[in-house]
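Structure assessment
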Amino acid sequence: MTLQQPRDADDPMAGTPVVFGHDWAESTVIKRIRSFTALGLEVLGFSFRREKFNQAFVPFWENVHLGTTTDRAYAKRLPKLLGALPLLFKHRAALRSATFIYARNVDMCVLAVLARILSRSEAPLVYEVLDIQRIFIGGRPANYLMRWLERRVLRRCDLLVISSPGFMARYFTPVQGYRGRSFLLENKISFAKAKLIERPAAGMAVPGAGAEPPKKWVIGWFGTLRCPKSLDMLCRLAEALPERVEIYMRGYPTETGLAVFEEAIAKHPNMTYGGEYRNPEDLAEIYGKVHLTWAFDFLDEGSNSKWLLPNRIYEGGYYGSVALAEKGTETGDKVRELALGYTFDGPVLDNLIAFLRWYSWDEHLARRQHILSLPTREFCDLYDTRDLCEMILGLAERRSGDLLRQSGSSGLRARTEDRGGA
């Protein structure tokens, strides 16, 4: 079953979005820009680089390099942001001609606001949020300051793009008091490289496994491996069920660092780390090796981890991998709503161990067949980005029309005054 192409795929969009990215080699920044360019838009990027993974990547779009920054180091990032202002001024003509300005994360949106002021651009400003960072949660002075800054940014934005409805329901509406336009753009597989991936047929067993039950259940943890608690739980799971479970991991461990990560898993012969991977080119290979997808996240328990919807539930669902998630979270609710797998409450590790001792091959095949029978649109961005861009371009057209009407009204008033108010 080949991925369905988005509607109107032969009818390219016209426009020049300016994209502000926190890291031009980060997978979601690449995915967003690739989706824009696949629609026919000509992207100009203003991006920083965080040198932690994807070292060989070179932007395929026109990109203005703003410098190098690091994760979470907001105070150290401020001089870098200020240092980017001369570059924005230098490129003010290009900024002024932008069809719309698209900024990922609050610091990039602050920079985008300044760019719009420096260039006198009237382009709509879009603020994209894929995580509610911990600096925005809590009662410390730094938390209040960041929330205040974000509220100022939101007032200048024409559209807020979020990847999970939990962000609006739990944060932007009740905490930030946001009542403006929003668009839900989930972390689905991008349509932009659809020819590179193919979905297994419903009822098809795990590739290479045949119809016989496996000796071990293979659990896959893929993506940005940023959750130290997940690493600890998977190590303990591997130790508790050495004859029944294998853990297979791909991606980059951002919080622990590679050395600590590899040292932890080296103690367990049934844990394997395969390094980084390309998305979506390598998805079929990595998900073809696993039965179950680790969809837990404990990095920011009670806040972002509870509200987010991760890439892996869409990628795993597309390939028929059964999801394991925490009950009472946005991810868990999604897994239960679509019957993508199983959810667990506390004590999570004990309940997981009991589940894996019970889980049967017949149970797995039935759940896998159901997942593979679900519509492709549940897992792939067939129309979502196109709908988003149509909305933004509509905002740009209305703004242009308003400016023309204002200009016409100003001219009429001037002519009337010249004639003595006649």
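Note that this is a predicted model, so its numbers are computed, not measured.

Some words on the pairing of strand β10 (residues 245–252)
Across the 8 residues that make up β10, a large majority, 7, are buried. Two elements, strand β9 (residues 217–224) and β10, share 8 bridges in a ladder whose sense is parallel. If you follow Phe222 over to β10, its bridge partner there is Arg250. The β-α-β motif built from β9, the intervening helix α8 (residues 228–240) and the parallel element β10 has right-handed crossover chirality. Pairing geometry for β10 and strand β11 (residues 271–273), over 3 bridges, is parallel.

Some points on helix α15 (residues 361–373)
With 13 residues, α15 should reach 18 Å at 1.5 Å per residue; the first-to-last C-alpha distance of 18 Å fits that figure. When α15 is considered as a whole, its buried residues turn out to be Trp361, His364, Arg367, Arg368, Ile371 and Leu372. The arc enclosing the buried residues of α15, seen along the axis, measures out at 135°, which places them on a common side.

A closer look at the environment of Leu44
One can find Leu44 in strand β2 (residues 44–49). Sequence separation between Leu44 and Glu62 is 18 residues, and the spatial gap between their C-alpha atoms is 5.2 Å. Discounting chain neighbours no more than four positions away, the residues touching Leu44 are Pro17, Val18, Val19, Glu62, Val64 and Ala94.

Overview of unusual backbone geometry
The residue after Asn279, namely Pro280, is reached through a cis peptide bond having omega 15°. When you line up the elements, Pro280 lands in the loop between β11 and α10 (283–287). Between Gly346 and the following residue, Pro347, the backbone shows a cis peptide bond with an omega angle of -5°. Considering the arrangement of structural elements, one finds Pro347 in the loop between β14 (341–344) and α14 (348–358). The backbone of Asn105 shows a phi angle near 80°, a positive value even though the residue is not glycine. The topology assignment puts Asn105 in the loop between β4 (100–104) and α5 (106–119). In the Ramachandran plot, Ala339 falls in the positive-phi region, its phi being about 55° despite a non-glycine side chain.

What counts and what doesn't
Residues numbered from 1 in each chain as written. Predicted model: local features only at pLDDT ≥ 70, side-chain atom pairs only at ≥ 80, totals over all residues. Heavy atoms only, no water. Buried < 20%, exposed > 50% of the residue type's maximum accessible area, 1.4 Å probe, protein only. Helix = DSSP H or I, 4+ residues; strand = E, 2+ residues; numbered from the N terminus. Pairing = 2+ DSSP bridges. Right-handed = clockwise from strand over helix to strand, strands pointing away. Expected span 1.5 Å × (residues − 1). Arc of directions from axis to C-beta. Contact = heavy atoms within 4.5 Å.

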